[in-house]
Amino acid sequence: MPAVSIVVPVYNVARYLPQCLNSIREQSFGDFEVICVNDGSTDDSGELLERYARVDSRFRVITTPNHGVSHARNVGIDAACGEYLCFVDADDRVSPLHCETIVRLFRNETVDIVKFSADPFPVPFPNEWMSYTLRLPDRVFRSYSDALMFDEPCRPFPWNGAYRASFIKNTGVHFPEGLPLGEDQVFSFATVSRASGVMFSSARLYRYRVSRKDSAMAMLAENYPARIGHHLSVASAILDEWELQGRMEGDSAMKMARFVSDFIVPDLFEIKMTSDLCSLCDRYRAILLRYFSEFGSFSELSGCPSGIWSQAVMEGGDPCALFSRRPFYSYTAAQYGRRAALGCVRADIASSVRAFFGIPHSKKDAISDDAYANDNAFCVRECMKFEGEYARIIAEDTLK
């Protein structure tokens, strides 16, 4: 039995696959198996996998029809023979010390999950959230608490973690196959909340590709209706899991209410089409009524600004009134502070002024640097005319 089973789901990534598989072959620790699940690739990925399997007996290839990344990972879980289990995405890479460090960490502590640190490439950390999520301190949590699930960087990625294989098999946890995106969040809630111990390690064992434009996540980045639709499905699956574990009460219910509200509400402000907004709010209302109606006031349960908007949705409020621009400024002020709200006001006014007067948005589109500077100064003056009025609205306006 190998010490480590590495599951690699593969779908049309021939461009990146050799770098990924080479990084696995270059491990300092040799007692591992690699289960490559070819999820119906139509490019050269399948042929590349077979080449690696022919030259390295530790590589196994399983080919299936295209059912998505969750199905591919689940096939890998069921086929794994190792003592420890981990996942590597086929466009990423791992450190040469990846397997060696995972085995050492597990054998030094009695835990079910090890979460390790990672580096993004080919660019630095694109935002503070990713830096917080991928750079972990050295800590051991010997029992579960809601703080571990909601306040620590345990979510959402499966690839910056390793799992005791007996824990996965005994609990029967698998990735949800009905979700094209967000399956990692559901898996995180299902595993971390069941683990008897979780270790964080500052060892940077993984390299995460953050700029792949053809990824499913990137293609949905600006398609807010589709993205929120996926998020609603993810929220429902997570709530099913939380209910299954009997956690929809007390502090666990409160933290889950805050998570769901912060997960859904901000993006609803970005929906432009009334039909899309109404449809998504109807779906969100159904979820809130299904899981939170017995708690009375959702806004009091969640204790966060987005909970006020969730409460209004739950009560059947008009989506167009709830998620128009003026409530957005009030929401931003409550969530991030008055200065952030005024920044949004200024940006909106500047965009409108530029559009009305045909002013370029960047220097490269301007006739000259001087013309751009003059136009920019004009925009600033126009913003200042309105700022006082909007500051009053932000300070006084509250959502009833």
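Our structure is the block above this text.
Anyway, here's the lowdown on the structure attached to this text. (Residues numbered from 1 in each chain as written. Predicted model: local features only at pLDDT ≥ 70, side-chain atom pairs only at ≥ 80, totals over all residues. Heavy atoms only, no water.)

Here we look at the overall build of the protein chain
Scanning the protein chain from terminus to terminus reveals 18 helices and nine strands. With 400 residues in all, the protein chain has 52% of them scored as buried. The contacts in the protein chain between residues at least 6 apart in sequence include a share of 78% that link residues at least 24 apart. When the accessible surface of the protein chain is summed, it comes to about 18500 Å², and 51% of that surface belongs to carbon and sulfur atoms. (Helix = DSSP H or I, 4+ residues; strand = E, 2+ residues; numbered from the N terminus. Buried < 20%, exposed > 50% of the residue type's maximum accessible area, 1.4 Å probe, protein only. Contact = heavy atoms within 4.5 Å. Areas by Shrake-Rupley, 256 points an atom, 1.4 Å probe, with all protein chains shown as cover.)

Section: helix H2 (residues 45-55)
Among the residues of H2, those classed as buried are Ser 45, Gly 46, Leu 48, Leu 49 and Tyr 52. Taken around the axis of H2, the buried residues stretch over an arc of 160°, which confines them to a single face. In this structure, H2 carries Arg 54 and Val 55 as exposed residues pointing more than 90 degrees from its buried face. Contacts from the buried residues of H2 go to strand E1 (4-10), helix H1 (17-25), strand E2 (32-39) and strand E3 (59-64). (Arc of directions from axis to C-beta.)

Considering unusual backbone geometry
The omega angle of the peptide bond from Phe 121 to Pro 122 is 0°, so this bond is cis rather than trans. The amide bond that connects Arg 155 to the next residue, Pro 156, takes the cis arrangement and shows omega of -5°. As for its placement among the helices and strands, Pro 156 is situated in the loop between helix H6 (146-150) and strand E8 (161-164). Positive phi, close to 50°, is recorded for Asn 12, a residue that is not glycine. Mapped onto the elements, Asn 12 comes out in the loop between E1 and H1. A relative accessible area of 23% places Asn 12 in the partly exposed class.

Focus: the packing of helix H8 (residues 183-192) against helix H10 (residues 224-244)
Two quantities define a packed helix pair, namely the angle between the axes and the distance from one axis to the other. Orientation of H8 relative to H10, taken along the N-to-C sense of each, is 10°, at an axis distance of 9 Å. The angle between H8 and H10 falls in the class roughly parallel. Taken together, the residues of H10 that come into contact with H8 (itself represented by Gln 185, Val 186, Phe 189 and Ala 190) are Val 234, Ala 237, Ile 238, Glu 241 and Trp 242. Grouping the amino acids of the contact of H8 with H10 by side-chain chemistry returns seven nonpolar, one polar and one charged. (Axes fitted to C-alpha atoms, helices over the stretch in contact; angles between N-to-C directions. Parallel < 35°, antiparallel > 145°, perpendicular 65-115°, else oblique. Nonpolar A, V, L, I, M, F, W, Y, C, P; charged D, E, K, R; others polar.)

Overview of H8
Turn by turn, an α-helix covers 3.6 residues, leaving residues three or four places apart pointing in a common direction. H8 sits mainly inside the fold: 10 of its 10 residues count as buried. Along H8, the residues classified as buried are Glu 183, Asp 184, Gln 185, Val 186, Phe 187, Ser 188, Phe 189, Ala 190, Thr 191 and Val 192.

Points about the pairing of E3
Both E2 and E3 contribute to a ladder of six bridges, which runs parallel. Paired with Val 34 across the two strands is Phe 59, which belongs to E3. Where the polypeptide runs from E2 across H2 and back to E3, its parallel neighbour, the crossover connection is right-handed. (Pairing = 2+ DSSP bridges. Right-handed = clockwise from strand over helix to strand, strands pointing away.)

Some thoughts on the packing of H1 against H2
In the contact formed by H1 and H2, the axes pass within 11 Å of each other and the chain directions differ by 20°. Comparing the axis directions of H1 and H2 gives the class roughly parallel. The interaxial crossing formed by H1 with H2 has right-handed handedness. In this structure, H1 uses Leu 17, Pro 18, Leu 21, Asn 22 and Arg 25 to contact H2, whose residues at the interface are Ser 45, Leu 48, Leu 49, Tyr 52 and Val 55. Grouping the constituent residues of the contact of H1 with H2 by class yields seven nonpolar, two polar and one charged. (Left-handed = near helix turned anticlockwise from the far one by under 90°.)

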